[in-house]
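Observations on the model geometry
So the chains spell out like this:
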Amino acid sequence: MQDTENGHRGGCKCGAIRFRTVPHAGNAYVCNCHFCQKATGGPFLVEHCFTKDEIEILSGTPTLYTHVSAGSGKEIYLHFCVECGSHLFLALQRWENTMNVFTTTFDVPQEVGFDADILRYLFLGAAQSGTITPKGFHAFEGHCDPADGSPAVEHVFDRHVATGETEAGDGPHTGGCLCGSIRFEADGQPEAVVICHCRSCQKSLGSGVNFELLWTPSRFRVVRGTPKTFQHSGGSGKLIGKRFCGECGSALWLTGERFPEIGVFRGSLDRPNRIEVSPRSALQIFLSEALPCGMVIAGIESFAEHRRAPDGSINKGRIYDDHWRIGDAERS
């Protein structure tokens, strides 16, 4: 085993599984592919790459779910906590010695690098609307190493660019987990889109941010399967019930003490881009806890913490004229 004493520690949301790694010295990715959206329930996966001998499990045993990639036809191995649904590691048949860590499971994600020489952006062609790719980073329409051997289509933007377009569509919104055990439907547009950067959402989903869609219970229904529930405190300190699939770990939706709606994770939808993300539908919260790679969307009201204070009053928000990256500079 290599030196893990000076590396990074992490674990799942409930604490049943703990691990440590060597200091990170490899690549990292923000992946927008449909698989990563379904697995996390978020708009993308943020992962830092290690080899298998650079990770040590300290306690607990992750559950393994094997998925066959629609793109490469190769197997993908997801390691998650069956108690809370937190995804921890991702391994791939294409690269048999690698073991990628879901970055948000680190106790202190800021200890690993998020700079342009480390972090790459993948599968822009599958990105959710409202996703911002930052300037100066290597970004790819698909994978940076396509499975079919074709050349990678690469961009390095000179400005922050919104990727993904809103789609038209009729009928209920449908969604479910990766393995198909759980399916649900929701009618019409959600009451609101809450873009949440809090550490609780990061840790629960494995994505850098949660695009949470609020539907009234009367317009939401489960049509197949029964999800597991994990109760935990959210960014506000109030109790939240996260629903996830016990077979593949996919994050699906939540309910909470602070709101009566069902909070569906947008990445769990079959066609997430049918949901509009705009100033009239969305707000951004907990910017103070965002990852360095977190992007703030121009024109949408933003809050350093929650929009609603513990006493019920509404905090003062701010609307920015331009997209900006949390890790670039402070905004007053």
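The structure presented is a predicted model; accordingly, all values stated were derived computationally and were not measured.

Along the chain, the position of L58 falls in strand β5 (residues 55-59). The contact partners of L58, leaving out residues within four places of it in the chain, are R9, R18, F19 and R20.

This brings us to the packing of aromatic side chains. Two descriptors summarise a pair of aromatic rings, namely the distance from one centre to the other and the angle between the planes of the rings. Scanning all chains against the criterion turns up eight aromatic pairs. Consider the rings of F19 and F89, whose centres lie 5.0 Å apart with planes at 70 degrees: the pair is edge-to-face. Taken together, the residues F19 in strand β2 (residues 18-21) and F89 in strand β8 (residues 87-92) connect sequence positions 70 residues apart. What makes F89 buried here is its relative accessible area of 3%.

With that out of the way, let us pick up unusual backbone geometry. What you tend to see is this: most non-glycine residues have negative phi, and most peptide bonds are trans. One non-glycine residue, F123, lies in the positive phi region at around 55 degrees. Under the relative-accessibility criterion, F123 is labelled partly exposed at 26%. If you check the backbone angles, F286 has positive phi at about 60 degrees while not being a glycine.

In space, the seven strands of this open sheet follow the order β20-β21-β22-β23-β18-β17-β24, with mixed pairing throughout. Strands with a single pairing partner mark the edges of an open sheet, and in this sheet they are β20 (228-233) and β24 (282-285). Pairwise comparison of adjacent strand axes, ignoring direction, gives a mean angle of 25 degrees for this sheet.

What follows covers the pattern of salt bridges. In the structure shown here, the tally under the stated rule is twelve salt bridges. With its nearest N and O atoms 3.2 Å apart, the salt bridge here joins E167 to R271. Residue E167 is located in the loop between β14 (161-163) and β15 (173-176), and its partner R271 is located in the loop between β23 (259-265) and β24; the two are separated by 104 residues in the primary sequence. Of the residues examined, E167 reaches a relative accessible area of 36% and is grouped as partly exposed. On the accessibility criterion, R271 (40% relative accessible area) is partly exposed. For D187, the salt bridge is made with R221, and the minimal N-O distance between the two is 2.8 Å. Residue D187 is located in the loop between β16 (183-186) and β17 (192-196), and its partner R221 is located in strand β19 (residues 220-224); the two are separated by 34 residues in the primary sequence. Taken together, the salt bridges that share partners define one network made up of R18, D107 and K203.

With antiparallel pairing, three strands are arranged side by side in an open sheet as β15-β16-β19. Only two strands of the sheet have a single neighbouring strand rather than two, namely β15 and β19. Here the strands of the sheet are splayed against their neighbours by 25 degrees on average, with no regard to which way each runs. In this sheet, β16 lies alongside β15 in antiparallel orientation, the contact comprising four bridges. Residue pairing in the sheet places G176 in a bridge with R183 of β16.

Next up on the list: the nonpolar core. I195 and V264 are the most contacted members of the largest nonpolar core, which has 75 residues in total. Top contributing element to this core by residue count: β8, with five residues. Beyond its immediate chain neighbours, meaning those up to four positions away, V264 contacts F184, F211, E212, L213, W215, F220, L252, W253 and L269.

With that settled, consider the state of the cysteines. A complete count under the given rule lists zero disulfides for this structure. Of all cysteine sulfurs, the one in C33 lies closest to C31, which takes part in no disulfide; the gap is 3.6 Å. C31 supplies the cysteine sulfur nearest to C293, a cysteine that is in no disulfide, at a spacing of 13 Å. For C293, a relative accessible area of 7% gives the class buried.

Now for the side chain of S250. Summarising the element assignment, S250 is placed in the loop between β21 (239-244) and β22 (251-256). Residue S250 is classed as buried on the basis of its relative accessible area, which comes to 0%. In this structure, S250 is in contact with K38, A39, H87, C177, L178, R243, F244 and C245, ignoring residues within four places of it in sequence.

One can find K52 in the loop between β4 (45-51) and β5. Setting aside residues no more than four positions away along its own chain, K52 makes contact with A91, E96, N97, T98 and M99.

Let us look at the confidence of the model for the protein. Overall, the predicted model of the protein reaches an average pLDDT of 92, with 97% of residues at or above 70. Per-residue pLDDT, averaged within each element of the protein, yields its smallest value for β20 (89) and its largest for β16 (98).

The buried count for β22 comes to five of six residues, which makes it a mostly enclosed element. Here β21 hands over to β22 after six residues, with G249 in that stretch at a positive phi of 85 degrees. The pairing of β22 with β23 spans three bridges and is antiparallel. Directly across from G256, in β23, lies its bridge partner F259. The antiparallel pairing of β22 with β23 creates a hairpin that spans two residues between the two strands.

What counts and how
- Residues numbered from 1 in each chain as written.
- Predicted model: local features only at pLDDT ≥ 70, side-chain atom pairs only at ≥ 80, totals over all residues.
- Heavy atoms only, no water.
- Helix = DSSP H or I, 4+ residues; strand = E, 2+ residues; numbered from the N terminus.
- Contact = heavy atoms within 4.5 Å.
- Phe/Tyr/Trp six-rings, centres within 6.5 Å; stacked < 30°, edge-to-face > 60°.
- Buried < 20%, exposed > 50% of the residue type's maximum accessible area, 1.4 Å probe, protein only.
- Pairing = 2+ DSSP bridges.
- Axes fitted to C-alpha atoms, helices over the stretch in contact; angles between N-to-C directions.
- Salt bridge = Lys/Arg side-chain N within 4 Å of Asp/Glu carboxyl O.
- Core = buried A, V, L, I, M, F, W, Y, C linked by side-chain atoms within 4.5 Å.
- Disulfide = S-S within 2.5 Å.
- pLDDT = per-residue confidence, 0-100.

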